[in-house]
Amino acid sequence: MRCTERAELPGVLVKAASVRCGEPLHDGWVRCDLAAHEDGDHFGLVDSLHRGHALWAKWGDGDVELVEQPDCDVAQPAPARDGCCLFARHQGGHTWEAGGEER
């Protein structure tokens, strides 16, 4: 099951992300894309950047921040072979293991 925590990016981060991604964000809300978890930071995908990297919102008990992360390079076992849609060295299961709705 996927984490259900959400966060709203402050206006200054919406502007920074829009510049970084090369187009305006639709809104400043992100949902944690990790598997359900009780401890640790939350990470919500903002947008893809250059090949193999993405911009993520990271939050926990404090403020939200933007972090660039390399993509997770783990693929689902055969026959599916779908790639994980999270970042490298993420906590919890890969996207096909976490379940929940698709992005």
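Residues numbered from 1 in each chain as written. Predicted model: local features only at pLDDT ≥ 70, side-chain atom pairs only at ≥ 80, totals over all residues. Heavy atoms only, no water.

> Whenever I open this one, the environment of V74 confuses me. Can you help?
Summarising the element assignment, V74 is placed in the loop between β5 (65–70) and α2 (95–98). For the pair V74 and C84, spaced 10 residues apart in the sequence, the C-alpha separation amounts to 5.9 Å. For V74, the residues in contact, after removing those within four places along its chain, are D82, G83, C84, H94 and W96. (Helix = DSSP H or I, 4+ residues; strand = E, 2+ residues; numbered from the N terminus. Contact = heavy atoms within 4.5 Å.)

> Hey, could you run me through the side chain of Q69 in this one?
Its place among the elements puts Q69 in strand β5. The class of Q69 is buried, set by a relative accessible area of 17%. If near-sequence neighbours (up to four positions away) are discounted, Q69 is found in contact with F43, G52, H53, A54, W56 and F87. (Buried < 20%, exposed > 50% of the residue type's maximum accessible area, 1.4 Å probe, protein only.)

> What is the right way to read the sheet that holds strand β4 (residues 53–59) from this model?
Strand pairing within a sheet occurs via backbone hydrogen bonds; the two strands may be parallel or antiparallel. Pairing is antiparallel in the open sheet, where three strands are placed in the order β3-β4-β5. One side of each edge strand has no neighbouring strand; the edge strands of this open sheet are β3 (42–48) and β5. Across the sheet, the mean angle separating the axes of adjacent strands is 35° when strand polarity is ignored. Where β4 meets β5, six bridges bridge the pair, whose relative direction is antiparallel. Paired with A54 across the strands is Q69, a residue of β5. (Pairing = 2+ DSSP bridges. Axes fitted to C-alpha atoms, helices over the stretch in contact; angles between N-to-C directions.)

> It is not clear to me how the confidence of the model for the protein chain should be interpreted in this structure. Could you clarify?
Summarising the model, the protein chain shows a mean pLDDT of 87, and 94% of its residues fall at 70 or more. Here α2 is the element of the protein chain with the lowest mean pLDDT, 78, and β5 is the one with the highest, 96. (pLDDT = per-residue confidence, 0-100.)

> Honestly, the packing of aromatic side chains in this entry has me stumped. Any pointers?
Two descriptors summarise a pair of aromatic rings, namely the distance from one centre to the other and the angle between the planes of the rings. Evaluation of the coordinates by the stated rule reveals two aromatic pairs. Geometrically, the ring pair formed by F43 and F87 is tilted, given 4.6 Å between the ring centres and 50° between the ring planes. You can see F43 sitting in strand β3 and its partner F87 sitting in the loop between β5 and α2, a full 44 residues away along the chain. Across the pair, F87 and F43 agree in class, each one buried. Each residue in the set F43, W56 and F87 is aromatic and connected to the rest through ring pairs, giving one cluster. (Phe/Tyr/Trp six-rings, centres within 6.5 Å; stacked < 30°, edge-to-face > 60°.)

> Explain the pairing of β4 to me, please; I cannot follow it from the model alone.
Walk down a regular strand and you will see the side chains alternate between the two sheet faces. Counting buried residues along β4, five of its seven residues qualify, which places the element largely inside the surrounding structure. Counted along the chain from β3 to the antiparallel partner β4, the turn is four residues long, and its residue G52 has a positive phi close to 85°. Hairpin geometry of β4 and β5 is characterised by an intervening segment of five residues between the two adjacent antiparallel strands.

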